[in-house]
Amino acid sequence: MAEAADFQGTSPSPARRWLRRAGALLAGAPLLAGLLQLSAAPTARAAGQGAAQAASGSRTVAVSLDSLSPSAPSDGDTLTVSGTVTNKGKQPITDAHVGLRVGSRLSTRSAIDDVADRTGFDPTVDGNEIDDKYAQKFPELAPGVSQRFTLSVPVGKLHLGADGVYAFSVSLSGRTSSQPWEQVLGIQHTFLPWQPDGADTRTKTTFLWPLVSTVHMTAETGPGAQQTPVFLDDTLAREISPGGRLERMLELGKSLDVTWVIDPDLLASVDAMTRSYRIQTDADSTPVAGTHQAEAKQWLAELQQAVAGKEVVALPFGDPDLASLAHHGTSVTGSLSQLKNATDVAAETVETILHLKPSTDYAWPADGAVDPSIIRVATSAGADTVIARSDSLKESSGLTYTPSAARPIGGGTTAIVADAQLSTAFEGDLSSAGARTLAVQRFLAQSLELTAQTSKQRSIVVAPQRMPSASQAQAMAQALTALQHSTWSESQNLSAAAKAKPDPAATNRIPSASHYPSSLRKQELPRSAFAAIARTQGKVDTFQVVLTYPSRVVTPFGRALNREMATSWRGRGDAAAHFRNGVETYLDSLSDEVKLIDKSETKLSGHSATIPVTVQNNLVQGVDHLVLRLTSTNPTRLKIGGQAWAEQPISVSGGHSQSVKFTTSANANGPVAVIAQLYTEDGQEYGAPVTFDVKVTEITATVMLVIGGGVLLLVLAGFRMYTQRKRAAARQEAEGAQDLEEARDDAGDGAGNADASGTAATPEGEHGAPQEAVRQENSGATAGRLSKESGPRSRTDASEQPSDPAPDTAAGDAAPSGTGEKVDR
């Protein structure tokens, strides 16, 4: 308005100029203030963010909480915390110290999980450090360097309030050259369960202690009555040796109030190791002798003592994968029978080895995940209680507390719903002391928070992973020991939990198959696995009927087929297939030890003949109940036993062979293919057939006449030779008689002539020489004549055969020789 009062072309007066400037200043002051505020806001915000970042730390330091004792403190206790801090940055940390922080009391189980998952520092949640005198200082922490710490503080100095679970942290604060102010550079969160007085209502807790392992034994056994078993490798020996996984499970479980859940296959495998056993090295090498009999005996002896008076649950033999069977095996004939066999043999195995009667009423699917088909399969073998888990059987009724584990699900079946958060508390890598301590404190915090949910009496079941590692077992034992000495929980066995009164508001609806976790479904055995099991079982059934001692085959192969369905094959499909192939291949090799010997072409001359077929048995035991069938492919030309085929029963001792002869008849010339095949008595083919050719040559009537004529000529020639020899023998006998007669006549004539001449009466002949000379001369003359006449007879005798009868010889003459013949001296 002052400017409007001025005239154009005239300059304003000094007073008016001053008024104008003052008004402008007054009008611009708010705008200037706003601009100043706008420019200052980012700076202030950045400063605040920087302060928060400094307060929350950069996780430059790793804090490991290796021990916290006692795990659940009470009034008057002194809490001792120890661990390590490690500078993982590139700058040294100065003026560092480790302190303890008590956060707020947690009111829900999900809040516990949130704290456990958080890694940073939040001053609004983690609270302030307690008194500085309970801190440990480090002048400098160099990069990459670790330092041990131990802090002890009376529980009263923690200023814990009402009963419950409190967040508890160990932090390291310090300075760096780039950030020279004190800040939290590392922190580790855990929990303090605080229940100094006994809870009004204690939770009954059942903890399953599983003794389950992978598959170790093959189907192969050695010869002889001992049937020496063969193991896949030597891992079982390492597991039961001092420091091994199963040795730690046994040693830690001795002093705990738990329900033992045992796979009978593990017991059978360790029991087999107490005697002679062998170990496979590779597919082409001979198994070597095992040497861990002492460890096996020690482990079984300690297990017998540990389970005495405790509840023992026996899983089906081999711990079969119920979900895989339900989803892929029920369409294969005989799969459910395998489960039934595994269940039937379980109790007998445990009772024989541990000398106690186990319970076989429970089925335990992998990770407790269930659907309707799994429930049907689980109960098909006789189990009436299924161990499920709360992340599968989820609550849908809006309950504000965790209900009891037992749930009736229809058909007389009870589901034991294990608590998922407690059951999974010991999974993951717990090889470090820090990881084990965090797992123990989280487990105890969840247990106390569960108890604080309601004043109702409840029964809770904890079903951890099937095969905890040695470090996981150590954490489980540590947590369970603290729990069993706590003021809010008491132990209970599984059978009592199953009989506990169910909560009517708890869900008992089994989730559909679509809700089954896809991660678990990917690990299942395929349908082809169950088809291979059924195929092998069929071969066992065929093989056993021909054996004199079938149990030597049925038992090892039956248990091997149970192992092919083991839950431990999950996620190891290649190893499972290799094991199945090994079982079937070994069975085939045994079956092939009973076989037919190959035959070459056989020639058949004549209308009828016999054909031998040989069955060889290279097994140690004998085979029986087999039938050998010989079949002609051309019965018009060649018949077997008067028809197209014939068969004979077979029984062969171990290590022997047997030849069976079949009568055949030919009707025409030419080759005929003949098939030899072994069958079982029920008509099932056994082994491979043997096919060979029989070349038939028919004999004509003309050929038979020629052959008959030749035979007749041979007979006539023989008869002629026989008659000639008889006549020759008769002539020789007659000539011999004539010669003897002539010799006697000559001897008589000599005697007469001598008497006529008067020489015989001389005195000299009466006393000696003259008469003796005459006798010798006559005797010599007779011998000379006989010798001359016998010459032709000797030549005739030379033509006689050794088999001809010797001619009779006349007796020699004993009369005195005549006188007057000259005797050559």
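Residues numbered from 1 in each chain as written. Predicted model: local features only at pLDDT ≥ 70, side-chain atom pairs only at ≥ 80, totals over all residues. Heavy atoms only, no water.

### Digging into the overall build of the protein
To be explicit about the condition: Think of it this way: any DSSP run of H or I at least four residues long counts as a helix, any run of E at least two long counts as a strand, and we number them from the N terminus. We call a residue buried when its accessible area falls under 20% of the maximum for its residue type, exposed when it is over 50%, and partly exposed in between, using a 1.4 Å probe and counting protein chains only. By definition, residues are in contact when any of their heavy atoms lie within 4.5 Å. Exposure was quantified through the Shrake-Rupley algorithm and a 1.4 Å probe, taking into account, for residues, occlusion by the shown protein chains and nothing else.
Check the secondary structure of the protein and you find 22 helices and 29 strands. Across the 825 residues in the protein, those meeting the buried criterion constitute 43%. Expressed as a percentage of contacts within the protein between residues at least 6 apart in sequence, the contacts between residues at least 24 apart total 77%. Per element, the accessible surface of the protein, about 41,000 Å² overall, is 53% carbon and sulfur.

### Some details on the pattern of salt bridges
Condition: Put simply, a salt bridge is a Lys or Arg side-chain nitrogen that is within 4 Å of an Asp or Glu carboxyl oxygen.
Considering all chains together, one arrives at 23 salt bridges under this definition. Between Lys340 and Asp344 there is a salt bridge whose closest N-O contact spans 2.9 Å. With a gap of four residues between them, Lys340 and Asp344 both fall in helix α10 (residues 335–354), about one helical turn apart. On the basis of relative accessible area, Asp344 is assigned to the partly exposed category, the value being 42%. Beyond isolated ion pairs, a larger network of salt bridges with shared partners links Arg535, Lys539, Glu584 and Asp588.

### Overview of the packing of helix α7 (residues 264–273) against α10
Rule in force here: Fitted lines through C-alpha atoms give the axes, limited to the stretch in contact for helices. The angle between two N-to-C directions lies from 0 to 180 degrees. Note that the term roughly parallel is reserved for angles under 35 degrees, roughly antiparallel for angles over 145, roughly perpendicular for angles of 65 to 115, and oblique for everything else. Put simply, a crossing is left-handed when the front helix is turned counterclockwise from the back one by less than a right angle, and right-handed when it is turned clockwise. Residue classes follow a fixed rule: Ala, Val, Leu, Ile, Met, Phe, Trp, Tyr, Cys and Pro count as nonpolar, while Asp, Glu, Lys and Arg count as charged, and any other residue, Gly among them, counts as polar.
Following both chains from N to C, one finds α7 and α10 inclined at 45°, their axes separated by 9 Å at the closest point. One finds that α7 runs oblique with respect to α10. The hand of the α7/α10 crossing is left-handed. Between α7, through Pro264, Leu267, Ala268 and Asp271, and α10, the contact on the second element is made entirely by Ala346, Thr349, Val350, Ile353 and Leu354. Taken together, the residues of the contact of α7 with α10 sort by class into seven nonpolar, one polar and one charged.

### Re the sheet that holds strand β16 (residues 385–389)
Two orientations exist for strands paired in a sheet by backbone hydrogen bonds: parallel and antiparallel. Basically, it comes down to this: Paired strands, in this sense, are two strands between which DSSP finds at least two bridges.
If you walk across this open sheet you meet the four strands as β15-β16-β18-β17, and the pairing is mixed. The strands lining the two open edges of the sheet, one partner per strand, are β15 (362–363) and β17 (406–410). The pairing of β17 with strand β18 (residues 413–418) spans four bridges and is classified as antiparallel. Across the sheet, residue Arg407 finds its bridge partner in β18, namely Ala415. Along the sheet, helix α11 (residues 372–380) contacts β15, β16, β17 and β18; its crossing angle with β16, the most-contacted strand, is approximately 145°.

### A word on the packing of aromatic side chains
Let me state the cut-off plainly: Ring pairs are drawn from Phe, Tyr and Trp, using the six-membered ring of Trp, whenever the two centres fall within 6.5 Å, and their geometry is named by plane angle: stacked under 30 degrees, edge-to-face over 60, tilted for the rest.
Enumeration over the complete set of coordinates arrives at seven aromatic pairs. Aromatic pair Phe207 and Trp209: ring centres 6.2 Å apart, planes at 45°, arrangement tilted. Measuring from centroid to centroid gives 5.2 Å for Phe231 and Tyr277, while their planes differ by 65°, and the two rings are edge-to-face. With Phe231 in strand β10 (residues 229–231) and Tyr277 in the loop between α7 and β12 (278–279), this pair connects stretches of sequence that are 46 residues apart.

### Looking at the nonpolar core
What counts, and what does not: In plain words, nonpolar cores are sets of buried Ala, Val, Leu, Ile, Met, Phe, Trp, Tyr and Cys residues tied together by side-chain atoms within 4.5 Å.
Ranked by size, the top nonpolar core spans 75 residues in total, and within it Phe543, Phe557 and Leu628 carry the most contacts. With residues up to four places along the chain from it excluded, the contact list for Phe543 reads Val553, Leu587, Leu590, Ser591, Leu619 and Tyr686. Counting 65 residues, the second largest nonpolar core, distinct from the first, contains Ala111, Trp260, Trp299 and Val440.

### Considerations on unusual backbone geometry
Cis geometry is adopted by the peptide bond preceding Pro70, which originates at Ser69 and carries an omega value of -5°. In this structure, Pro70 sits in the loop between β1 (61–69) and β2 (78–87). If you check the backbone angles, Asp95 has positive phi at about 50° while not being a glycine. You can see Asp95 is positioned in strand β3 (residues 93–106). Despite not being glycine, Asp367 shows a phi value in the positive range, around 55°. Checked against the element boundaries, Asp367 lands in the loop between β15 and α11. Exposure remark for Asp367: the relative accessible area of 38% places this residue in the partly exposed category.

### Concerning the environment of Val545
The residue Val545 is located in the loop between α17 (527–544) and α18 (551–563) in this model. Look past the residues within four positions of Val545 in its chain and what remains in contact with it is Asp624, His625 and Thr680.

### Digging into the sheet that holds strand β9 (residues 217–221)
Pairing is mixed across the open sheet formed by four strands, whose spatial order is β9-β10-β12-β13. Each edge of the open sheet is held by one strand with a lone partner, namely β9 and β13 (288–289). One ladder, built from two bridges, connects β12 with β13; its direction is antiparallel. Residue pairing across strands places Ile279 opposite Val288, the latter belonging to β13. Lying over the sheet, α7 contacts β9 and β10, oriented at roughly 110° with respect to β10.

### A short note on the environment of Gln684
Positionally, Gln684 belongs in the loop between β28 (670–680) and β29 (685–697). The exposure class assigned to Gln684 is partly exposed, which follows from its relative accessible area of 43%. Once the C-alpha coordinates of Gln684 and Val627 are considered, the two residues, 57 residues apart in sequence, prove to be 9.9 Å apart. Contact partners of Gln684, with chain neighbours within four places excluded, come to Leu678 and Tyr679.

### Side note on α7
For an α-helix the count is 3.6 residues per turn, leaving residues at separations of three or four pointing the same way. Of all ten residues making up α7, eight are buried, and the element is well covered by its neighbours. If you check which residues of α7 are buried, you get Pro264, Asp265, Leu266, Leu267, Ser269, Val270, Ala272 and Met273.

### Focus on the side chain of Glu449
Stated formally: Counted charges follow a simple rule, with Lys and Arg positive, Asp and Glu negative, and His plus the chain ends left uncounted.
Structurally, Glu449 can be placed in helix α13 (residues 433–452). The side chain of Glu449 is buried and forms no salt bridge, while Arg105, the nearest opposite charge, is found at 6.0 Å. If we ignore the near neighbours within four places in the chain, the residues touching Glu449 are Leu106, Ser107, Thr108, Arg109, Ile112 and Val165.

### Observations regarding the packing of α18 against helix α19 (residues 573–591)
Angle between the axes and distance between the axes: these two values describe a pair of packed helices. Where α18 meets α19, the axes come as close as 10 Å, and the angle between the chain directions of the two elements is 160°. Between α18 and α19, the angle is such that the two are roughly antiparallel. The interaxial crossing formed by α18 with α19 has left-handed handedness. Here Phe557, Ala560 and Arg563 of α18 lie close against α19, whose contacting residues are Phe579, Val583, Tyr586, Leu587 and Leu590. Considering only residue class, the contact of α18 with α19 consists of seven nonpolar, no polar and one charged.

### Some points on the confidence of the model for the protein
In regions of low pLDDT, the predicted coordinates are not meant to be interpreted in detail. The test is simple: Every residue gets a pLDDT, meaning the predictor's confidence in that residue, from 0 to 100.
When pLDDT is averaged along the protein, the result is 84; 80% of the residues meet or exceed 70. Contacts from residues 1–56, a stretch scored under 50 in pLDDT, to residues over four places away or in other chains number 15 contacts. Note on residues 750–825: pLDDT under 50 across the span, and 62 contacts to partners over four residues away in sequence or across chains.

### Quick notes on helix α9 (residues 322–329)
Quick reminder of the rule: Between N or O atoms, a polar contact is any pair within 3.5 Å; within protein, one atom must be a potential hydrogen donor and the other a potential acceptor, and residues adjacent in sequence are included only when both atoms are from side chains.
Taking burial as the measure, the eight residues of α9 include six buried ones, the bulk of the element. Looking at α9, one finds that the buried residues are Leu322, Ala323, Ser324, Leu325, Ala326 and Gly329. Contacts made by the buried residues of α9 are with α10, β15, α11 and α17. The N-terminus of α9 is capped by Asp321, whose side-chain oxygen sits 3.3 Å from the backbone nitrogen of Ala323.

### So, the environment of Val554
Within the fold, Val554 resides in helix α18. The class for Val554 is partly exposed, based on a relative accessible area of 29%. Counting along the chain gives ten residues from Val554 to Gln544, while the straight-line C-alpha distance between them is 6.8 Å.

### Examining a nonpolar patch on the surface
Counted only if it meets this: Patch membership requires over 30% relative accessible area and the absence of a salt bridge. Like charges are linked within 9 Å, and nonpolar side chains (Val, Leu, Ile, Met, Phe, Trp, Tyr) within 5 Å.
Nonpolar side chains collect at one region of the surface, where Val711, Leu712, Leu713, Val715 and Leu716 lie side by side and expose about 490 Å² of accessible area between them. Under the relative-accessibility criterion, Val715 is labelled exposed at 52%.

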